[in-house]
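The lines below spell out each chain.
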2 protein chains.
Amino acid sequence: MAAVSTDTCGPAELSVRERVPPLLTDLYQFTMAYAYWRTGRHREPAVFELFFRDNPFGGGFSVFAGLHDCQLFLRSFRFTDRVSDMEEAGFTAYSAVSHQGAICDVEFLRSVLPPATDPAFFQFLRGLDCSGVTLRSVPEGTVVFARVPLMEVAGPLAVVQLLETSLLCLVNFASLVCSNAARFRLAAGPRRKLLEMGLRRAQGPDGGLTASRYSYIGGFDLTSNVQAGFLYGIPVAGTMAHSYVTSFTSLEEVWPQTLAVAGGNPDPVDVISLTKGWLTRVCELLSAAPGKIREGELAAFLSYAIAYPENFLPVIDSYSVACSGLLNFCAVALVLCELGYQPVGVRLDSGDLCRQSVDVRRVFRLCSEHFSVAAFHSLVIVGTNNISEQSMMELNKKENEIDTVGVGTHLVTCTKQPSLGCVYKVTSLIQLY
Amino acid sequence: MAAVSTDTCGPAELSVRERVPPLLTDLYQFTMAYAYWRTGRHREPAVFELFFRDNPFGGGFSVFAGLHDCQLFLRSFRFTDRVSDMEEAGFTAYSAVSHQGAICDVEFLRSVLPPATDPAFFQFLRGLDCSGVTLRSVPEGTVVFARVPLMEVAGPLAVVQLLETSLLCLVNFASLVCSNAARFRLAAGPRRKLLEMGLRRAQGPDGGLTASRYSYIGGFDLTSNVQAGFLYGIPVAGTMAHSYVTSFTSLEEVWPQTLAVAGGNPDPVDVISLTKGWLTRVCELLSAAPGKIREGELAAFLSYAIAYPENFLPVIDSYSVACSGLLNFCAVALVLCELGYQPVGVRLDSGDLCRQSVDVRRVFRLCSEHFSVAAFHSLVIVGTNNISEQSMMELNKKENEIDTVGVGTHLVTCTKQPSLGCVYKVTSLIQLY
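My aim in this report is to walk through the structure given alongside it, one point at a time. All figures in this text were calculated on a predicted structure; none of them were measured in a lab.

So, on to the packing of helix α2 (residues 27–39) of chain A against helix α7 (residues 119–126) of chain A. Residue and element names in this part refer to chain A. The N-to-C vectors of α2 and α7 enclose an angle of 105°; their axes lie 11 Å apart at closest approach. Taken together, the axis directions place α2 and α7 in an arrangement best described as roughly perpendicular. Counted together, Phe30, Ala33, Tyr34 and Trp37 of α2 and Ala120, Phe121 and Phe124 of α7 form the full contact between these two elements. When the residues that make up the contact of α2 with α7 are grouped by side-chain class, the tally is 7 nonpolar, no polar and no charged.

Its place among the elements puts Leu157(A) in helix α8 (residues 157–162). If we skip the residues at most four places from it in the chain, Leu157(A) touches Tyr36(A), Arg41(A), His42(A), Arg43(A), Glu44(A), Ala46(A), Phe48(A) and Leu429(A).

Residues and elements named next belong to chain A. According to the stated counting rule, one finds 32 salt bridges over all chains in the structure shown. Glu44 is the salt-bridge partner of Arg41, the closest N and O atoms lying 3.0 Å from each other. Of the two residues examined, Arg41 and Glu44, each falls in the buried class. Measuring nitrogen to oxygen at the nearest pair gives 3.0 Å for the salt bridge that ties Arg355 to Asp359. Of the two residues, Arg355 and Asp359 are both situated in helix α16 (residues 353–371); the distance of 4 residues between them amounts to about one turn of the helix. What emerges from the salt-bridge pattern is a single network uniting Arg361, Arg365, Glu401 and Asp403.

Below, the discussion takes up the relation of the copies chain B and chain A. In summary, the two copies of the chain are related to each other by a rotation about an axis coupled with a shift along it. It takes a turn of 180° to lay chain B on chain A, together with a shift of 0.0 Å along the axis; the resulting RMSD is 0.0 Å. Read as a symmetry element, the transformation amounts to a two-fold axis. Residue by residue, 100% of the interface of chain B is reproduced at the interface of chain A, so both copies engage with the same surface.

Another aspect to go through is the packing of aromatic side chains. Applying the stated criterion across every chain, the model contains 44 aromatic pairs over all chains. On the numbers, 5.8 Å between centres and 25° between planes, the contact of Tyr34(B) with Trp37(B) is stacked. Of the two residues, Tyr34(B) and Trp37(B) are both situated in helix α2 (residues 27–39); the distance of 3 residues between them amounts to about one turn of the helix. Residues Tyr34(B) and Phe121(B) carry aromatic rings whose centres are separated by 5.1 Å and whose planes lie at 75° to one another, so their mutual orientation is edge-to-face. On the criterion of sequence distance, the pair formed by Tyr34(B) in helix α2 and Phe121(B) in helix α7 (residues 119–126) is long-range, its members being 87 residues apart. Residue class for Tyr34(B) comes out buried when judged on its relative accessible area of 1%. By relative accessible area, Phe121(B) is classed as buried at 0%. In this arrangement the basic side chain of Arg281(A) is found over the ring face of Trp278(A), its NZ or CZ atom lying 3.9 Å from the centre. It is Arg41(B) that lies over the ring of Phe248(A); its NZ or CZ is 4.2 Å from the centre.

Further remarks concern the sheet that holds strand β13 (residues 404–407) of chain B. Residues and elements named next belong to chain B. Taken together, the 5 strands give an open sheet; going across it, the order is β8-β7-β13-β12-β11, and neighbouring strands pair in parallel fashion. Either end of the sheet is taken by a strand with one partner, and the two such strands are β8 (222–223) and β11 (345–348). Note: β11 against strand β12 (residues 380–383), 4 bridges, orientation parallel. Opposite Arg347, over in β12, you have Val382 as the bridge partner.

The interface of chain B with chain A comprises 106 residues on the first partner and 106 residues on the second. Here chain B packs against chain A, burying approximately 9,100 Å² in sum over the two surfaces, 63% of which is carbon and sulfur. On the surface where chain B and chain A come into contact, there are 4 salt bridges. A salt bridge links Arg200(B) to Glu164(A); the shortest N-O distance between them is 3.3 Å. Looking at the side of chain B that touches chain A element by element, the count peaks at 11 residues for α2(B). Each residue belonging to the side of chain B that touches chain A can be placed in one class, and the counts come to 59 nonpolar, 35 polar and 12 charged.

Residues and elements named next belong to chain A. For strand β2 (residues 45–51), the tally of buried residues reaches 6 of 7 residues, placing the bulk of the element in the interior. Bridging between β2 and strand β6 (residues 151–156) involves 6 bridges; their strand directions are antiparallel. Each residue of the ladder has a partner; that of Val47, found in β6, is Ala154.

Attention shifts here to helix α17 (residues 389–397) of chain B. Residues and elements named next belong to chain B. What α17 keeps buried is the set Glu389, Met392 and Leu395. For α17, the buried positions fall inside an angular range of 110° around the axis, keeping them on one side. Buried residues along α17 sit against α9 (164–188), β7 (193–196), α16 (353–371) and β13.

Below, the discussion takes up a nonpolar patch on the surface. Residue and element names in this part refer to chain A. A contiguous nonpolar surface patch, about 250 Å² in accessible area, is contributed by Val143, Phe145 and Val148. As for its position among the elements, Phe145 is in the loop between β5 (143–144) and β6. Taking the relative accessible area as the measure of exposure, Phe145 reaches 43% and is therefore partly exposed.

Spatially, 5 strands are ordered β8-β7-β13-β12-β11 (chain A) in an open sheet, and the strand pairing comes out parallel. A single partner strand is all that each edge strand has here, and the edge strands are β8 (222–223) and β11 (345–348) of chain A.

The residue after Trp255(A), namely Pro256(A), is reached through a cis peptide bond having omega -10°. Of note, Pro256(A) is situated in the loop between α12 (242–246) and β9 (258–260). Of note, Cys414(B) is a non-glycine position whose phi angle comes to about 50°, a positive value. Summarising the element assignment, Cys414(B) is placed in the loop between α18 (409–412) and β14 (423–429). With relative accessibility at 1%, the residue Cys414(B) sits in the buried group.

With that settled, consider the packing of helix α13 (residues 271–285) of chain A against helix α15 (residues 321–338) of chain A. All names here are of chain A. In contact at an axis separation of 8 Å, α13 and α15 are set at 125° when each is read in the N-to-C sense. Overall, the two elements α13 and α15 adopt an arrangement that is oblique. Between α13 and α15 the crossing geometry is right-handed. Residues Val271, Leu274, Thr275, Trp278, Leu279 and Val282 of α13 lie in contact with α15, whose contacting residues are Leu327, Asn328, Cys330, Ala331, Val332, Leu334, Val335 and Glu338. Broken down by class, the residue content of the contact of α13 with α15 amounts to 11 nonpolar, 2 polar and 1 charged.

About the thresholds
Residues numbered from 1 in each chain as written. Chains lettered and ligands numbered in written order. Predicted model: local features only at pLDDT ≥ 70, side-chain atom pairs only at ≥ 80, totals over all residues. Heavy atoms only, no water. Axes fitted to C-alpha atoms, helices over the stretch in contact; angles between N-to-C directions. Helix = DSSP H or I, 4+ residues; strand = E, 2+ residues; numbered from the N terminus. Parallel < 35°, antiparallel > 145°, perpendicular 65-115°, else oblique. Contact = heavy atoms within 4.5 Å. Nonpolar A, V, L, I, M, F, W, Y, C, P; charged D, E, K, R; others polar. Salt bridge = Lys/Arg side-chain N within 4 Å of Asp/Glu carboxyl O. Buried < 20%, exposed > 50% of the residue type's maximum accessible area, 1.4 Å probe, protein only. Least-squares fit on C-alpha atoms with pLDDT ≥ 70 in both. Phe/Tyr/Trp six-rings, centres within 6.5 Å; stacked < 30°, edge-to-face > 60°. Lys NZ or Arg CZ within 6 Å of the ring centre and 35° of its normal. Pairing = 2+ DSSP bridges. Buried area = accessible area lost by both parts, 1.4 Å probe. Arc of directions from axis to C-beta. Patch = residues over 30% accessible without salt bridge, like charges linked within 9 Å, V, L, I, M, F, W, Y side chains within 5 Å. Areas by Shrake-Rupley, 256 points an atom, 1.4 Å probe, with all protein chains shown as cover. Left-handed = near helix turned anticlockwise from the far one by under 90°.

Structure (structure tokens):
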């Protein structure tokens with residue numbers, strides 16, 4: 001274990017101070033702190049260790065995370081006292097005002113602790129901070145094992161007791177989702193890209209941010225969560241959903257209907273007729289029935305390609321991959337290639353991802369050879385259908401051509417075991433008297 | 001469905017504005033919004049419905065929650081533009097500053113959207129709000145069923161699309177944990193009190209707050225989470241953990257060693273000798289071996305009782321309930337009764353809660369009769385050992401004397417099914433051209 005450095009924290013990290021005020025803990029920490037204080041034991045030097053008893057997911061390891069948030073929490077640990085304090089501190093919702101109106105932490109505590117509580121205890125709380133607390137810890141991101149201490153927190157008994165719930169809250173889920181992400185990374189292998197996309201299924205807004213952040217530390221490459229990109233610098237990714245595809249019904253909705261040649265003549269080229277021509281050739285090449293092709297899907301793809309000619313990666317299974325989506329993709333992608341752009345690839349979001357990816361890749365190769373378009377060699381196939389660690393492992397056993405995997409629910413909710421269960425146990429108390 | 005009222009929000013609710021900025025969404029909402037905008041369809045009137053496909057936990061119902069947060073989110077939906085805007089807005093971490101330094105939402109979006117994005121789109125985003133959006137919804141707390149719309153969001157296509165992930169994030173977990181709490185309430189029956197105590201196992205700090213808030217709406221009576229009490233007015237509860245008990249080794253550590261008679265003579269009474277006397281009588285009554293009693297536990301109980309004579313509810317299974325904890329409790333509680341105080345009860349946190357609660361109640365009745373203390377009739381028994389919905393139902397089948405049940409992990413992580421899976425689907429698009 002290394003002692004933690006005390007480098008100053010960046011502005012993004014202020015958020016932890018607002019989300020983890022000293023009241024974000026279990027009431028019994030305060031009743032116990034009071035009882036220690038009353039007995040005169042509150043300054044007694046105490047050491048607590050934070051560890052878990054079993055590796056999650058039936059596995060052989062975990063990845064420790066949450067340390068940085070713990071450091072920020074300890075540095076900012078201080079009870080707000082009067083309204084003026086809170087105004088000075090920026091008057092934020094979490095630390096300053098409650099359903100009861102503008103009262104401070106200490107006053108709120110006074111209202112929930114038993115009436116017998118000695119008023120001098122609140123004076124004691126007003127002066128508390130973590131200046132007497134030492135945190136020793138394994139580094140964030142370390143592979144760790146059960147029953148080995150992750151953090152050692154030493155300091156005055158009452159203070160170190162008060163920190164328990166908050167530290168557990170900051171380490172438990174962060175380490176759990178980081179370990180889960182690491183297992184997905186192991187299952188996916190080092191080559192495949194992994195995209196975290198679980199915001200909508202996480203435990204509310206901040207649960208989602210926490211999941212995005214620690215999935216990235218655990219080995220994911222990308223997140224769909226824009227705010228996570230903003231706050232933590234995680235690369236963000238995403239293109240289109242089925243709703244976009246199904247909101248189009250005909251090629252008449254495409255606008256503008258032109259696109260300029262890449263880096264060339266700025267005169268716009270009519271792409272509607274170009275696309276129809278390429279679609280006919282693709283259908284001929286693949287012996288496909290033009291009658292099964294959905295024009296609305298073609299319109300959606302074309303419209304998106306005109307908006308983002310260098311970022312064309314549509315979801316191709318809104319109707320049928322083989323009878324409509326793939327053909328429409330190839331037609332629009334061939335238009336882009338003709339005009340000098342590089343299409344990016346496709347997303348599959350339903351059905352047998354492995355089989356479909358193999359079929360899709362075969363068609364890409366066929367188009368590449370038949371129409372002599374080198375760009376079709378480097379098209380990317382993204383798979384995103386309810387992926388679990390198990391289904392990720394099965395991907396490796398089957399023939400498939402999936403380059404990037406998107407994972408949502410099973411990653412951010414840690415379905416297989418949704419809690420880590422770290423505990424915080426006293427290891428030594430030096431009896432002073 | 002009723003249209004949502006527009007009453008002003010209280011100060012505590014400001015937190016939602018900070019936690020759910022418009023960037024807390026999936027990137028593809030922006031790429032789609034841009035593609036709609038490019039095609040001139042962004043103002044097209046659109047209606048999306050939010051619903052889930054299957055009731056969670058294999059059950060027949062859910063409880064809808066999260067509406068109030070959605071309203072606050074819609075009211076505050078606005079992109080920050082310049083640094084000055086952010087300073088006016090209070091310069092909070094989530095909406096104002098990122099790992100890249102002080103840049104605004106729109107500038108960050110410009111950095112992650114493809115370079116081909118028309119600069120006029122960012123001008124469009126700068127002017128966006130939800131003034132053109134109508135939210136119709138079932139009331140918060142309504143019992144709801146699968147495939148029935150919970151919310152209907154109508155407005156300009158691009159705006160309503162941008163709201164998708166955030167609304168799902170606000171409804172999915174809130175409704176899931178509220179439904180889970182309602183199932184615990186049904187399993188517990190109407191009489192038993194339910195305490196939520198999952199903060200340490202939730203998805204980080206705000207995941208924990210969300211869980212506390214919506215467990216209360218779903219039918220819990222109390223929370224251990226002090227900040228949830230502060231922000232949402234939920235009654236908070238909690239007394240002592242095993243660490244408090246085990247931190248004592250002998251009666252010499254008890255201080256002060258006196259307690260005044262309730263409402264009577266302020267002269268303090270020596271409670272050490274009183275306690276020893278009562279312990280001897282309790283051991284005799286129950287034919288217990290005094291040699292098995294842990295003096296540290298007795299010291300912890302006594303010390304806590306002196307601090308909180310009207311709130312004495314210790315955890316009695318740090319060593320052995322039958323051979324030590326229960327006897328120590330009775331001795332200290334009898335001291336309190338003798339001095340005119342009403343002890344509250346005991347907490348059981350391990351082993352067979354049902355059997356232990358029956359044994360404990362039997363001893364309470366015996367003491368009550370033998371020592372003629374009426375107070376022992378109304379003692380409360382709290383059970384808190386890894387309770388699940390299943391184990392709660394089993395409680396009802398067995399003979400037991402548990403008055404209050406504390407639930408943590410299984411409640412806040414919704415172990416049986418940790419995600420609800422609400423979706424947000426377009427139901428009508430009025431084609432304008």
